[in-house]
Structures are given as structure tokens and as C-alpha cells.
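Now for the letters of each chain:
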Protein chains: 2
Amino acid sequence: MRWADYDSETCSIARSVDILHDRWTLLLMRDLINGVHRFEALRAHLGVSRDVLSKRLAALVAAGVVERRSYQDDGERARAAYHLTEAGRELQPVLVALLAWGDKYLAGAAGPPAVLEHIGCGAAVSVRLVCDRGHEAAGAHVRLRPTEAARLRGES
Amino acid sequence: MRWADYDSETCSIARSVDILHDRWTLLLMRDLINGVHRFEALRAHLGVSRDVLSKRLAALVAAGVVERRSYQDDGERARAAYHLTEAGRELQPVLVALLAWGDKYLAGAAGPPAVLEHIGCGAAVSVRLVCDRGHEAAGAHVRLRPTEAARLRGES
DNA sequence: CAGTATCCCAAGCGATACTG
DNA sequence: CAGTATCGCTTGGGATACTG
């Protein structure tokens, strides 16, 4: 297929970007995936204003990637905490890919501030594109094939 | 490490997001990686204004992920085209991860408009997180370990 | 075709103050 | 602590017109 035939708006990348494209959302996801769950902790760590954090969290809850939970420590009153849903956790490859790319191209002379490691064995973790038959499938070895859904849409 | 110890700004994810977080950049990268290289073709396919496209391209050239080339068809005058640099091409995993996620969670009843396939064998392509010793390393089986660079920064 | 210049509007964002 | 309300600034972005 010629890529230009591929509808720019219905593209899954476009839909994903629509949810994630602002300056804070991916960093917010990063913190959530790494164990920061409370409003004030998120605000302080990200350095974002309360207002924006509130809006972002609401948007992510609406999008189904974050859920709000109440919890209660002993002797304390109930508090709210935010956790990723299954859909949210599955954005991990996006974050890892961004991390790997930033490590490689933006880290500067000092090197990356942190590396991702497999807890089981301590080896470095990387992102790979593979096909169902196990072939490495990066770069030009990959193409998009339009589905029935796209064909039907095109006819309408 | 406790994630909150990890500096939010020097994080490689943050640096990457800084370059990519606007509404158009990732879609622009998508089109560039898929063979749309000319200004007017990009503008038409993305549906973005000339002004913004011009700025985005300039920013991406400055960031080193896009390069501007001149080419000349027979009998035509020279024209400009934009191509990804090596660094730009290596953002492919980010795009594939976004595509896969959108396919899974945002495609709706009709299913995704296109699927990614390995040109060699036609099998579907997916993103995997693996460690250097070949272990599958997704979800909670992964952690960030601060490097010397982070320790030095923390002391300063 | 490949942009730049101008204008104006809307959205994003931060600061501050306030509420339960 | 966990937010909402209000304000005003700044940036992003579309429309249109213009240039090489």
C-alpha cells in the first residue's frame, strides 16, 4: 500500500496520540507505572500545577487508562490514589521505547541517568520488533497492510 | 530505587517527550517513515496548516531527527524533501508501540484500519520487551536502576 | 511547489486562592 | 491531603495572503 492512502485520522497512532500528546501525560504515566499514586506526590515529582494535574488525571480516567481508588491508612481518613488500568499498563512499551531512544540520542556525555533492567537476571532490557514467526522485523522489513475495516470505510 | 528519587526532568523519557509531545510531530514522523517526503504531500495528508508544518519540520531538523534534501526530477526544478535521519528512524519502536496499543484499545468494533506485517513472511509484527539474556521482560519484571551519571548529578 | 508573514483565536498552563 | 475556581499569560495553531 502507498502510505498516503492510509487515512491519517483513523490511524491507530493518531488515536493513541490524541490521548497522550500533551506535555504531561506520558510523564504522568511513567510515574504511575513506577509506584507514585497520590495526587500530591505526583504533583511534586512532576512539577506540574494542581489544576493541570487534575485535568490530566480526569482525562485519563475518562480514557480508561487510569482508575481512581480510595484507600485508608490506619488512623487516617480516606485518601484517593490513582492506578493504571490494564490498558494503562500496556502503554509500558511506549514508555520503554521513549526511554531507550532518549538514552541513546539525548543523554549527552554523562550517559543516561538510569537503565532498565530485568529483575530476574539484572540484564538490560530493550524493545524489539518481532513478527509472529520470530523474525526480527524492524526498519524497512515492515509494512502496513490495510484491513477489511479500512476497505469498508473507504467505500462508505 | 524508589521512583520518586528519579529526577523527573533529566529522565530520558522526559527528554524524548520534550521533542515529540505536540499534536503533530509523531504523526509527521509516521508519514516520513512511510514514504511521504514532500512538504505539500505531508500537509495534505496530515491536514495540518502550512505554518505549523513548517515549524515542526524546522524543529525536527534542529533536533537531528529529520534532514532536508534537495532532489530534482527530469525537466523539473529542484525541490525539497524531508527524510528521517538514523535517529529519526530509530523512533520506529515508539510508533509501533503506539500503533499496537491503539489497535488493541481504540479501534472499536470495526477493528484496526491496518495491521503491521513482516514483509519477509507476512506475519504480524509486535513490540516485545526482552532482556539481553533473552527473557521476556514486561510489566513488573522490570525496574530502573540509577547509573553513575545520576549519582554524580545527585551529589552536585 | 515550498514555503514565509500576518492576524487572531483557542487551548494549555501556572499562580493563587479557596473548600471539604 | 486532595482537590476546584478564577485569572491572566503564553503558546499552539488555523486561515489567509504573499514570495521565490
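Before reading on, note that the structure itself is shown above.
Scope of this entry: the structure provided in the associated data block. (Residues numbered from 1 in each chain as written. Chains lettered and ligands numbered in written order. Predicted model: local features only at pLDDT ≥ 70, side-chain atom pairs only at ≥ 80, totals over all residues. Heavy atoms only, no water.)

To continue, consider the overall build of chain A. Helix and strand content of chain A: seven helices and five strands. Each helix and strand of chain A, ordered N terminal to C terminal, gives the series α-α-α-α-β-β-α-α-β-β-β-α. Taken over C-alpha atoms, the radius of gyration comes to 19 Å for chain A, far larger than the 15 Å a tight globule of 156 residues would show. Its C-alpha atoms put chain A at 60 × 45 × 30 Å along the principal axes. Within chain A, the fraction of its 156 residues that count as buried is 44%. Counting only carbon and sulfur atoms, one obtains 49% of the accessible surface of chain A, whose full area is about 7900 Å². A distance of 2 Å separates the average location of the 21 positive side-chain charges in chain A from that of its 20 negative side-chain charges. (Helix = DSSP H or I, 4+ residues; strand = E, 2+ residues; numbered from the N terminus. Rg over C-alpha atoms; globule rule 2.2 N^0.38 Å. Buried < 20%, exposed > 50% of the residue type's maximum accessible area, 1.4 Å probe, protein only. Areas by Shrake-Rupley, 256 points an atom, 1.4 Å probe, with all protein chains shown as cover. Lys, Arg positive; Asp, Glu negative; His and termini not counted. Charge placed at Lys NZ, Arg CZ, Asp CG, Glu CD.)

Note on the identical chains: chain B maps onto chain A by a rotation of 180° and an axial translation of 0.0 Å, with an RMSD of 0.0 Å. Here the symmetry operator amounts to a two-fold rotation axis. (Least-squares fit on C-alpha atoms with pLDDT ≥ 70 in both.)

What follows covers the protein's contact with DNA strand C. A:R56, B:F39, B:S54, B:R68 and B:Y82 are the nearest of the 20 residues found near DNA strand C. Take the atoms of DNA strand C that sit within 4 Å of the protein: sugar and phosphate atoms are 69% of them. Measuring from a phosphate oxygen of DNA strand C, one finds a side-chain N or O atom of A:R56 at 3.1 Å. Measuring from a base oxygen of DNA strand C, one finds a side-chain N or O atom of B:D51 at 3.3 Å. Looking at the surface near DNA strand C, the elements that each hand over two or more residues are α4 (50-63) of chain A together with α3 (39-46), α4 (50-63), β1 (66-71) and β2 (79-84) of chain B. (Near = heavy atom within 4 Å. Polar contact = N/O pair within 3.5 Å; in protein donor to acceptor, adjacent residues only side chain to side chain.)

Let us now look at the packing of aromatic side chains. What describes a pair of aromatic rings is the distance from one ring centre to the other and the angle between the planes of the rings. All names here are of chain A. One pass over the full model with this rule turns up two aromatic pairs over all chains. With 5.6 Å between their ring centres and 40° between their planes, W101 and Y105 make a pair best called tilted. Remark: Y105 and W101 occur in helix α6 (residues 92-105); sequence separation between them is four residues, near one turn of the helix. (Phe/Tyr/Trp six-rings, centres within 6.5 Å; stacked < 30°, edge-to-face > 60°.)

A few words on the protein's contact with DNA strand D. Taken together, the neighbourhood of DNA strand D is formed by 20 residues, with A:S54, A:R68, A:Y82, B:V52 and B:R56 sitting nearest. Separating a phosphate oxygen of DNA strand D from a backbone N or O atom of A:A80 is a distance of 3.5 Å. In this structure, a phosphate oxygen belonging to DNA strand D sits 3.5 Å away from a side-chain N or O atom of B:R23. Secondary structure elements with two or more residues in the surface near DNA strand D: α3 (39-46), α4, β1 (66-71) and β2 (79-84) of chain A together with α4 of chain B. Among the residues making up the surface near DNA strand D, the classes are represented as seven nonpolar, two polar and 11 charged. (Nonpolar A, V, L, I, M, F, W, Y, C, P; charged D, E, K, R; others polar.)

The subject of this paragraph is the interface of chain B and chain A. Taken together, the 83 residues of chain B in the interface contact 83 residues of chain A. Carbon and sulfur atoms make up 64% of the surface buried where chain B meets chain A, a total of about 7900 Å² over both sides. Where chain B meets chain A, there are six salt bridges. Between B:R143 and A:E117 there is a salt bridge, and its shortest N-O distance comes to 2.6 Å. Our count for the contact surface shared by chain B and chain A stands at 41 residue pairs in polar contact (both at pLDDT 80 or more). (Contact = heavy atoms within 4.5 Å. Buried area = accessible area lost by both parts, 1.4 Å probe. Salt bridge = Lys/Arg side-chain N within 4 Å of Asp/Glu carboxyl O.)

This part is about the packing of helix α1 (residues 12-20) of chain A against helix α6 (residues 92-105) of chain B. In the contact formed by α1(A) and α6(B), the axes pass within 7 Å of each other and the chain directions differ by 95°. Judged by the angle between their axes, α1(A) and α6(B) are roughly perpendicular. On α6(B), the residues that touch A:S12, A:I13, A:S16, A:V17, A:I19 and A:L20 of α1(A) are B:L95, B:L98, B:L99, B:W101, B:G102 and B:D103. (Axes fitted to C-alpha atoms, helices over the stretch in contact; angles between N-to-C directions. Parallel < 35°, antiparallel > 145°, perpendicular 65-115°, else oblique.)

Take B:P112: it is sitting in the loop between α6 and β3 (114-118). Taking C-alpha positions, B:P112 is 8.0 Å from B:G102, a pair spaced 10 residues apart along the chain. Look past the residues within four positions of B:P112 in its chain and what remains in contact with it is A:S12, A:T147, A:A149, B:D103 and B:A107.

Let us now look at the packing of α3(A) against α4(A). All names here are of chain A. Closest axis-to-axis distance for the α3/α4 pair is 10 Å, and the angle between their directions is 120°. Compared by their axis directions, α3 and α4 come out oblique. As α3 packs across α4, the resulting crossing turns out to be right-handed. Contact with α3, carried on its side by F39, E40, L42 and R43, involves R50, L53, S54 and L57 of α4 and no other residues of that element. Across the contact of α3 with α4, the residue classes break down as four nonpolar, one polar and three charged. (Left-handed = near helix turned anticlockwise from the far one by under 90°.)

This next bit is on the pattern of salt bridges. Within the structure shown, the criterion is met by 22 salt bridges over all chains. Note that A:R43 and A:E40 form a salt bridge whose closest N and O atoms lie 3.1 Å from each other. Note that A:R43 and A:E40 are positioned in helix α3 at a spacing of three residues, about one turn of the helix. One salt bridge in this structure joins B:R89 and B:E86, with 3.1 Å as the shortest N-O distance. Of the two residues, B:R89 and B:E86 both sit in helix α5 (residues 86-89), three residues apart, roughly one turn of that helix.

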